[in-house]
Amino acid sequence: MLAYVVRRLLLMIPMLIGMVIVTFGLLLLIPGDPAAVLLGQEASPESIANLRDTLGLNDPWYVRLWDYFAMLLHGDMGQSIFQSAPVADIIAGRLGATIELAVVSLILASIIGIVLGVLAAIRQGSIIDTATMLLAQLGVSMPVYWMGLLLMLAFAVQLGWLPSIGRGTPMLQAIGAAVTGRPQVLWDSILHILLPSLALAANSAAVISRLVRTSMLEVLREDFVRTAYAKGLRRGRVVVRHALRNALLPVLSVIGLRFGALLGGAVLTESIFAWPGLGQLTITAISQRDLPLIQGIVLTFAIIFALVNLVVDLLYAAVDPRIRLG
Amino acid sequence: MRLPKFLRNTSLVVGAIISLAIICCAIFAPYIATHGIEQMDMRNRFAGPTLTHWLGTDNFGRDLWSRLVFGARISLTISIISVAGSAVVGTVVGLAAGYFGGWVDMLLMRITDIFLGFPAIVLALAIVAVMGPGVFNVAFAIFVVAWTEYARVVRASTLVLRQQNYVQAAKALGASNSRILFREILPNALGPIIVLASLGLGTAIIAESALSFLGFGLPPPTPTWGWTLAYGTRFMRDEPWLSIVAGATIMVTVLGFNLLGDGLRDILDPRQLTRAGDKK
């Protein structure tokens, strides 16, 4: 297992280097003088010259790339053009909200997806199966931002049950508050996160339910399931303890990979629900064409995605020896 | 009389009907639209569906049906450009990686992994932000991540196909690498590429509408679906119809291409392709 972990960690190094190069390459895509483009038409020649100097645009690209690497190795992502603060600090201030949203969405998507997938599989060919798979097909085809708007319209605007925008107390703090006798703080946080996380989870829940159904159908045909029934075990026990445990193995890695899709989807969900995370920051950075901030955000998303993939692979290898030995 | 296999596949038939209908709307937009996209009818602001305005009107009394029909042109144009680019680049990369193997395979697949490692919408937004809006730029932004999937799938097919007898025979006869890749392997790897392209159209439509929704697609007055939906949110509280119809249009279109892709996958099962390859 240790050899697998080391091999997997070593593989991440060229990948991270590649990601930095792609992120750096964004600057090269700007047509014309990047400094003039970034500052807009009304910028004075002095401010353009200053920005050229700050971004190192007077140096050849390979010198800039080298400097960019050196900077990143020191934990520095540069300075935001419009917010006069280090990019790393701005991102660090927003990261928690996005991870919280993505994690809650992933949990919701997994629960909904697994329950629907199992129901569809054990009732294969029935109306439940057809309805569930139709729902899944709609979930896969539905744009996340439209889902968000519909949920907001129904539960916040029409029914008034849930807040339409904003974030309550950060979840970990809210849990702490609940432990110390203030459960209403946690309740408020849950109410705030419910709509954005549901909107974000819908697509992943649809993907997971289809996978769980396929995987369950395969496992339900296996000999050991027939043996379990032959032993006289109840159906519920066979489905949950025998079939589901085996069917979930291939689904696990996909659930992990959905985290990347959820991070991307967070950009849209956060902008609809005014969730103060990295997604909303992305929109601000892009509206202002704040390149160092855009590069920092893109790289942060990529690194989180790579780390999640790594963890999923390691977990998968820990559960299934065929992976690490293959 | 028994229907042919492809007509018995509900996903394929429903998907093909929806996709064809949307494609026809896009091609024949000037004939199908009942009003000009900027034609205002201030007496009929926020009208519901009527015989004159099939899907109602917006805050300027502009006909929603006509705007969505012309919007189909933009969505499909951008999606088709990005899918065509992704399919060509991804296929060439996948063929090369699978066929040559060794360091070529390792290098190309590592590059693929790098691009696959970025959340698609984030990278697309960043690219549009630096390149500016425009049909080509938006299509390019979607392409940058989308080609990776073709590369991985075509590589997997190529790894199997290069072992086939007819490929070995072509090699023994002294056929060039490009002939083997494009005349022997590619035609047999087309099934999964067609399936991916159909599913990719749906993904590209969602991505394009997302960029427009966030305000980074084609600028107004171009009636993109995403922008129409975003514009409708200004009146969401009292007149939600506008956003609901625009969103439903996107969803039905994506559903059509997804069903078509699922149906094609059933018909063009890669395992069947491999078996067909054996017989050749």
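Thresholds applied
Residues numbered from 1 in each chain as written. Chains lettered and ligands numbered in written order. Predicted model: local features only at pLDDT ≥ 70, side-chain atom pairs only at ≥ 80, totals over all residues. Helix = DSSP H or I, 4+ residues; strand = E, 2+ residues; numbered from the N terminus. Buried ≥ 20, exposed ≤ 12 C-beta atoms within 10 Å, placed from the backbone. Contact = placed C-beta atoms within 7 Å. pLDDT = per-residue confidence, 0-100. Axes fitted to C-alpha atoms, helices over the stretch in contact; angles between N-to-C directions. Left-handed = near helix turned anticlockwise from the far one by under 90°. Expected span 1.5 Å × (residues − 1). Core = buried A, V, L, I, M, F, W, Y, C linked by C-beta atoms within 7 Å.

**Observations regarding the overall build of chain B**
Each helix and strand counted, chain B has 11 helices and zero strands in total. Reading the secondary structure of chain B in the N-to-C direction produces α-α-α-α-α-α-α-α-α-α-α. Considered along the principal axes of its C-alpha atoms, chain B spans approximately 75 × 55 × 30 Å. Looking at chain B as a whole, 51% of its 280 residues qualify as buried. Across chain B, the fraction of contacts at a sequence separation of at least 24, relative to all contacts at a separation of at least 6, is 70%.

**Quick word on the overall build of chain A**
Tallying secondary structure elements over chain A gives 14 helices and zero strands in all. In sequence order, chain A lays out its α and β elements as α-α-α-α-α-α-α-α-α-α-α-α-α-α. Counting only C-alpha atoms and orienting by the principal axes, one finds that chain A spans roughly 85 × 55 × 45 Å. Per-residue burial over chain A gives 39% buried out of 326 residues. Pairs at least 24 residues apart make up 70% of the contacts formed inside chain A by residues separated by at least 6 positions.

**Let's talk about the environment of Ile193 of chain A**
Residues and elements named next belong to chain A. Structurally, Ile193 is set in helix H9 (residues 183-220). With 25 C-beta atoms counted inside 10 Å, the residue Ile193 sits in the buried group. Ile193 sits 62 residues away from Ile255 along the chain, and the two C-alpha atoms are 20 Å apart. Setting aside anything within four residues of it in sequence, one finds Ile193 in contact with Leu101 and Val104.

**Regarding the interface of chain B and chain A**
Each partner contributes residues to the interface: chain B has 36 residues there, and chain A has 36 residues. For the side of chain B that touches chain A, the secondary structure elements donating two or more residues are helix H4 (102-116), helix H5 (120-131), helix H8 (177-213) and helix H10 (241-267) of chain B. Looking at the side of chain B that touches chain A element by element, the count peaks at 10 residues for H5 of chain B.

**A closer look at the confidence of the model for chain B**
Taken over all residues, the pLDDT of chain B has a mean of 87, while the share at 70 or more is 95%. Under a pLDDT of 50 for its full length, residues 272-280 of chain B has, in the predicted model, nine contacts with residues more than four places off or in other chains.

**Observations concerning the packing of helix H3 (residues 64-100) of chain B against H8 of chain B**
Each pair of packed helices can be described by the angle between their axes along with the distance between the axes. All names here are of chain B. Closest axis-to-axis distance for the H3/H8 pair is 8 Å, and the angle between their directions is 145 degrees. In the crossing of H3 with H8, the sense of the turn from one axis to the other is right-handed. Contact with H3, carried on its side by Ser75, Ile78, Ser79, Ser82, Val83, Ser86, Ala87, Thr91, Leu95 and Tyr99, involves Leu181, Ile185, Leu186, Ile193, Ala197, Gly200, Leu201, Ala204, Ile205, Glu208 and Ser209 of H8 and no other residues of that element.

**Concerning the environment of Ile114 of chain A**
Residue placement: Ile114 of chain A occurs in helix H5 (residues 87-122). Put simply, Ile114 of chain A and Ile208 of chain A are 94 residues apart on the chain and 6.7 Å apart in space, counted from C-alpha to C-alpha.

**A closer look at helix H4 (residues 61-73) of chain A**
Along an α-helix, residues three or four apart share an orientation, since each turn contains 3.6 residues. The end-to-end C-alpha distance of H4 of chain A is 18 Å, a good match for the 18 Å that 13 residues give at a rise of 1.5 Å each. Looking one or two residues beyond H4 of chain A, the residue adopting positive phi is Gly75 of chain A, at roughly 75 degrees.

**Things to note about the nonpolar core**
Counting 168 residues, the largest nonpolar core has Ile294 and Val298 of chain A together with Leu123, Ala124, Leu125 and Ala126 of chain B as its most contacted members. Beyond its immediate sequence surroundings of up to four residues, Ile294 of chain A is in contact with Leu26, Ala285 and Ile286 of chain A together with Ala126 and Ala129 of chain B.

**Considerations on unusual backbone geometry**
Residues and elements named next belong to chain A. At Ala274, a residue that is not glycine, the phi angle is positive and equals roughly 50 degrees. Among the secondary structure elements, Ala274 is positioned in the loop between helix H11 (235-273) and helix H12 (278-288). Located in the positive-phi region is Arg289, a residue other than glycine, with phi close to 50 degrees. Looking at where Arg289 falls in the secondary structure, it is placed in the loop between H12 and helix H13 (291-319).

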